[in-house]
Amino acid sequence: MPVAVLSTVKQSMMKKTLTTLSLAMLFLACGSDTSDESPTSTSVEQATMPAPSYEANPQPVEKQEVATLEVGSAAPDFHLPGADGEMHALEDYADAKVIVLAFTANHCPTAQAYEQRLIDFQNDYQDKGVQVVAISPNSPLGLLYEELGYTDLNDDYDKLEVRADYAGFNFPYLYDGDDHAVSLKYGPVATPHVFILDEDRILRYTGRMDESERPGTANAEDLRAATDALLAGEEIAEPKTPTFGCSTKWAWKTEYNEQSEEKWQARPVTLEKADQKKVSELVANENNDKLRLINVWATWCGPCVMEYPEFIKLQRMYGARDFEFVSISADKPDKEDRALAFLEKVHSGVDNYLYTGENIYGLVEALDPSWNGALPYTILVEPGGKVVYSHQAEVDFLELKRAIVEHEMMGRVY
């Protein structure tokens, strides 16, 4: 999908200075929080997503050896919820001469690299009696934030519809992340991994789509050759091929989640002072090779503290790549202790700053003169200072994630 360099809420009425009204708007937008306790953190993205018709319930699963289904075996049946909210079974596709089961995932860069090839394949073969059915085998319990560096979505059930719509899937996309009831029977070793079933629902091919991961360098030649052979009533020349991609996230793979969480919570949380000059330097983003996301917040701003933990998730997702998150508190300098306490509570182990300029107008002038001063305010800056995303008020985190991952410095594939 093309990158839409996303909506920017810039006010043309403000160029170099702010009026007294602008400062009043800042307080009206957020109000004054007199409580010492910040609101419970919630996900803005989740709050705006429609409720799924199927209620997922990922379960712990006992660790076990998983074997890939052997070619020549009868295909195990399935009864799984789809991104469309309906339940799907193998018998629902009884009219298909060939069924291609493609185990794939939202988060995996290799899986994303093959999505268009799978869409093109379904377009080319749907009139020949071939049906693609995609299945997400991954348990959300086995997925790290640190494994989400190439995506805007995790592998939760309610994110399947988002991915299917955005990528333009022309085939069903099913969820098997609660207990791997189906995936354990087929044994996908990675995403993507395809299994081709003949008209008698016998497994005739298992493996890769083609040999070249990068989009535009191949056209699912192995998948097409195997399917052509079945449609012609011939034997498949190579019925089993290796597959490459992200390992299946089985529900028992939780030890790294625990280690990752402990490591993140052990990071030191500091709060440095930043005057107008320092803020200008942060926005200029010189001598730096990373996209820099800057969020201005305050402890007295309810929306700020509600959404702030989501910014920390972004750092954990993309921080191993060309990305960094920086926070700037607009609390008064004499409220430094309160700001630091909040940052410690949410484990904000990033570069945190407290603005110490003479007044709020200096912060506005240094950050973005067209900002009207209301909090929260967020910008994404390229090296060299070009602002590629800006937003006043609470962020749509799905939109922001797409602005990050689809930027030319990042990308969804290796």
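The sections below set out a description of the structure shown in this document. Since the model is a prediction, treat every value here as computed from it, not as a measurement.

Concerning the overall build of the protein
On a plain count of helices and strands, the protein comes out with 12 helices and 15 strands. Relative to its 414 residues, the protein shows a buried fraction of 53%. Excluding contacts between residues fewer than 6 apart, the proportion of contacts in the protein whose partners are at least 24 apart in sequence is 80%.

Details of empty space enclosed by the protein
Under the counting rule described, the total for this entry stands at 1 cavity of 30 Å³ or more. Lining the largest cavity are Thr-104, Ala-111, Tyr-114, Glu-115, Leu-118, Phe-169, Phe-171, Pro-192 and Met-209. Looking at the lining of the largest cavity residue by residue, the class counts come to 7 nonpolar, 1 polar and 1 charged.

A closer look at the packing of helix H3 (residues 109–125) against helix H6 (residues 221–231)
The geometry of H3 relative to H6 is characterised by a closest axis approach of 12 Å and an angle of 20° between their N-to-C directions. When the axes of H3 and H6 are compared, the pair comes out roughly parallel. As for the relative orientation of H3 and H6, their crossing is right-handed in sense. Of H6, the residues touching H3 (which contributes Leu-118, Asp-120, Phe-121, Asp-124 and Tyr-125) are Leu-223, Arg-224, Thr-227, Asp-228 and Leu-231. Within the contact of H3 with H6, the residues separate by chemical class into 5 nonpolar, 1 polar and 4 charged.

Re the pattern of salt bridges
A pair can form between side chains of opposite charge whenever their charged atoms are brought close. Applying the stated criterion across every chain yields a total of 17 salt bridges. With a closest N to O distance of 3.1 Å, Lys-313 and Glu-310 form a salt bridge. Here Glu-310 and Lys-313 lie together in helix H9 (residues 302–318), a separation of 3 residues that amounts to about one turn. Overall, Lys-313 belongs to the partly exposed group, its relative accessible area being 26%. One salt bridge in this structure joins Arg-412 and Glu-406, with 3.0 Å as the shortest N-O distance. The exposure classification of Arg-412 matches that of Glu-406, with both residues buried. Linked through salt bridges whose partners overlap, the residues forming this network are Asp-152, Arg-402, Glu-406 and Arg-412.

Structural notes on the side chain of Arg-224
In this fold, Arg-224 is placed in helix H6. We classify Arg-224 as buried; its relative accessible area is 13%. Other than its neighbours up to four places away in sequence, Arg-224 contacts Asp-120, Phe-121, Asp-124, Tyr-125 and Asn-219.

Quick word on the sheet that holds strand E10 (residues 272–274)
The 6 strands lie next to each other as E10-E13-E12-E11-E14-E15, forming an open sheet whose pairing is mixed. The open sheet has two free edges, formed respectively by E10 and strand E15 (387–392), since each of these has just one partner strand. Taking the axes of each pair of neighbouring strands and ignoring which way they run, one obtains an average angle of 25° across the sheet. With 5 bridges connecting them, strand E11 (residues 291–297) and strand E14 (residues 377–381) associate as antiparallel partners.

Some thoughts on the state of the cysteines
Counted by the stated rule, this structure contains 2 disulfides. Between Cys-108 and Cys-246 runs a disulfide, and the two sulfur atoms are separated by 2.2 Å. Between Cys-108 and Cys-246 the disulfide shows an S-S torsion of about 90°. By sign, it is right-handed. Highlighted residues: Cys-108 in the loop between strand E3 (98–103) and H3 and Cys-246 in strand E9 (residues 246–247), separated in sequence by 138 residues. The disulfide partner of Cys-301 is Cys-304, and the gap between their sulfur atoms is 2.4 Å. Where Cys-301 bonds to Cys-304 through sulfur, the torsion about that S-S bond is close to 75°, and the disulfide is right-handed. If one numbers only the bonded cysteines of the protein, in the order they occur, the disulfide pattern is 1-2, 3-4.

Cut-offs and rules
- Residues numbered from 1 in each chain as written.
- Predicted model: local features only at pLDDT ≥ 70, side-chain atom pairs only at ≥ 80, totals over all residues.
- Heavy atoms only, no water.
- Helix = DSSP H or I, 4+ residues; strand = E, 2+ residues; numbered from the N terminus.
- Buried < 20%, exposed > 50% of the residue type's maximum accessible area, 1.4 Å probe, protein only.
- Contact = heavy atoms within 4.5 Å.
- 1 Å grid on protein atoms, 1.4 Å probe; cavity = no way out; pocket = protein on both sides within 12 Å on 5 of 7 lines; lining within 4 Å.
- Points joined across faces, edges and corners; volume = space filled by probe spheres on them.
- Nonpolar A, V, L, I, M, F, W, Y, C, P; charged D, E, K, R; others polar.
- Axes fitted to C-alpha atoms, helices over the stretch in contact; angles between N-to-C directions.
- Parallel < 35°, antiparallel > 145°, perpendicular 65-115°, else oblique.
- Left-handed = near helix turned anticlockwise from the far one by under 90°.
- Salt bridge = Lys/Arg side-chain N within 4 Å of Asp/Glu carboxyl O.
- Pairing = 2+ DSSP bridges.
- Disulfide = S-S within 2.5 Å.

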